[in-house]
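Given next are the chains, with one letter for each unit.
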Amino acid sequence: MTDLSKKHIVLGLSGGIACYKAAELCRALVKQGATVQVVMTEAAAQFITPVTMQALSNRPVYVSQWDGREPNNMAHINLSREADAILVAPASADFMAKLLHGRADDLLSLMCLARPLDKVPLLLAPAMNREMWAHPATQRNMAQLQADGAQVLGVGQGEQACGETGDGRMLEPAELLQELVALFQPKLLKGKQILISAGPTYEALDPVRGITNLSSGKMGFALASAAHEAGAQVTLVAGPVALATPHGVRRIDVRSALDMHAAVMAQAAQADVFIATAAVADWRPAQVAVEKIKKDGNGSMPAIQWQENPDILAELAASPRAQSGALFCVGFAAESHDLQAHAQAKRLRKGVPLMVGNIGPATFGADDNALLLMDAQGSTEWPRATKLALARQLVAEVARRLK
Ligand code: CTP
């Protein structure tokens, strides 16, 4: 099962240079198991050919409302009734202005107007020059389109095809894919604020060396994605990792355990849930050398004095908000052996209602994992699956416990 299997997506393209990104998006949707029906405006066909979109979607493309291929000659009805969702990417300023007024003089706008409002979600991915984006007319139109039931997605920021720099770029295909996948996930954490720590920490010894660990951050990032998909507002405090920020997630980068401690504590007052997936260094060098430590020629490493780092999870679990039930804390226990005994002991030591055990060396850096959930009642094994699948399962478990 892929994320969009059995989903039928109508991908609409209106006129704009971002049409080139729609080709990659189409491919990504198909790869995730969706069937994709492309509908283009005449203007879109100036930017990318229907032939390209047909080859990528493996289906004939619709451009005209007078398309004789439909036996009843009602492409706008047939196409919109089959869809699990309609995504217009790019949605030009002109196309959105048209939709807002309920105008329907081309197939794409006609089909959007004819869609069953309560059954077929409409997502719009705006793409335009920064001045057009900032114009009060565009902003007004988007607010009204949202009020009329469309989901207007955000835009990217940066260099634009016109040579200017600012807001208005269409979201990247990977981001649009995440939005579409999220659309079909149950909104179990709607209105909740989720704080997640992820990745390793790096404890400097001197300006060029330090100690860290093998945590890749993948489990924490998967949880951030899953919580966002479930409708939560997610803040991800990440140690040094080379992972892309999941779309829609607020990320705070930190390096040391002390930085992570400060960042988590600063965010915790608003959080409903704290999930600690980070592999926080237990100790840091008591002193960080200002200059690189040099070999002294006697063959031995200079002695290092260590100082214990604060335990972020234990501290938050003991806080008044956690004790009163306003903040639900979940820990991760990375062990190398005797998982059950160590994870349960750790749960009690840290004072958390739920501890998720895993064998660290078997999962660090991998895309899958197997988990052991420990609570006051005992343990439950979750067999090996992708980290994203396990993250979605854990999000559902946390949501159930919040009730
Ligand atoms: N944790 C934390 N702050 C620390 C150490 C750990 O918040 N200074 C959190 C981790 O994010 C994880 C849980 O505590 O959710 C357990 O971390 P782990 O490294 O498995 O355990 P330790 O407490 O470090 O114990 P030990 O090294 O003895 O296994």
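Residues numbered from 1 in each chain as written. Predicted model: local features only at pLDDT ≥ 70, side-chain atom pairs only at ≥ 80, totals over all residues. Heavy atoms only, no water.

What follows is about the domain arrangement of the protein chain. According to the domain assignment, the protein chain contains domain 1 (8–183) and domain 2 (193–283 + 307–402). Each of domain 1 and domain 2 has a C-alpha centre, and these two points are 37 Å apart. Every contact between the two is made by six residues of domain 1 and, on the other side, four residues of domain 2. Both sides together, the interface formed by domain 1 and domain 2 hides about 450 Å², and carbon and sulfur atoms give 52% of it. At the surface where domain 1 touches domain 2, the tally comes to zero salt bridges. Within the side of domain 1 that touches domain 2, the residues separate by chemical class into three nonpolar, one polar and two charged. (Domains from an automatic or database assignment. Contact = heavy atoms within 4.5 Å. Buried area = accessible area lost by both parts, 1.4 Å probe. Salt bridge = Lys/Arg side-chain N within 4 Å of Asp/Glu carboxyl O. Nonpolar A, V, L, I, M, F, W, Y, C, P; charged D, E, K, R; others polar.)

This paragraph deals with the sheet that holds strand β8 (residues 193–198). Spatial strand order, β12-β11-β8-β13-β16-β17-β18-β19: eight strands in an open sheet with mixed pairing. Each edge of the open sheet carries a strand with a single partner, namely β12 (250–253) and β19 (378–386). Averaged over all neighbouring strand pairs, the angle between strand axes comes to 20°, with direction disregarded. Along the sheet face, helix α14 (residues 339–350) touches β16 (328–335), β17 (354–359), β18 (368–375) and β19 and points at about 145° away from the line of β17. (Pairing = 2+ DSSP bridges. Helix = DSSP H or I, 4+ residues; strand = E, 2+ residues; numbered from the N terminus. Axes fitted to C-alpha atoms, helices over the stretch in contact; angles between N-to-C directions.)

All told, the structure shown has zero aromatic pairs when counted by the stated rule. The aromatic ring of F184 is capped on one face by K7, whose charged end is 4.6 Å from the ring centroid. Here R69 stacks its cationic end above the ring of Y62, 4.4 Å away from the centre of that ring. (Phe/Tyr/Trp six-rings, centres within 6.5 Å; stacked < 30°, edge-to-face > 60°. Lys NZ or Arg CZ within 6 Å of the ring centre and 35° of its normal.)

Neighbouring residues of the ligand: 14 residues in total, closest A276, A278, D282, K346 and K350. In the environment of the ligand, an oxygen atom lies 2.7 Å from a nitrogen or oxygen atom belonging to the side chain of D282. Separating an oxygen atom of the ligand from a backbone N or O atom of L313 is a distance of 2.9 Å. At the level of elements, α12 (312–317), β16 and α14 are the ones that each hand at least two residues to the shell around the ligand. No other element matches the four residues that β16 contributes to the shell around the ligand. Here the residues of the shell around the ligand are counted per class, giving nine nonpolar, one polar and four charged. (Near = heavy atom within 4 Å. Polar contact = N/O pair within 3.5 Å; in protein donor to acceptor, adjacent residues only side chain to side chain.)

Right, let's talk about helix α4 (residues 75–82) for a bit. Here α4 has its buried residues at A75, H76, N78, L79 and S80. Packing partners of the buried residues in α4 comprise β1 (8–13), β2 (35–40), β3 (85–91) and α6 (107–114). (Buried < 20%, exposed > 50% of the residue type's maximum accessible area, 1.4 Å probe, protein only.)

The tally for this structure, following the rule as stated, stands at zero disulfides. C162 takes part in no disulfide bond, and the closest cysteine sulfur to it belongs to C19, at a distance of 16 Å. (Disulfide = S-S within 2.5 Å.)

A word on the pairing of strand β7 (residues 165–169). Pairing of strand β6 (residues 156–159) with β7, which is carried by four bridges, proceeds in the antiparallel orientation. Across the sheet, the residue bridging to Q157 is D167, located in β7. With antiparallel pairing between neighbouring strands as the criterion, β6 and β7 make up a hairpin whose turn holds five residues, including G163 at a positive phi of roughly 100°.

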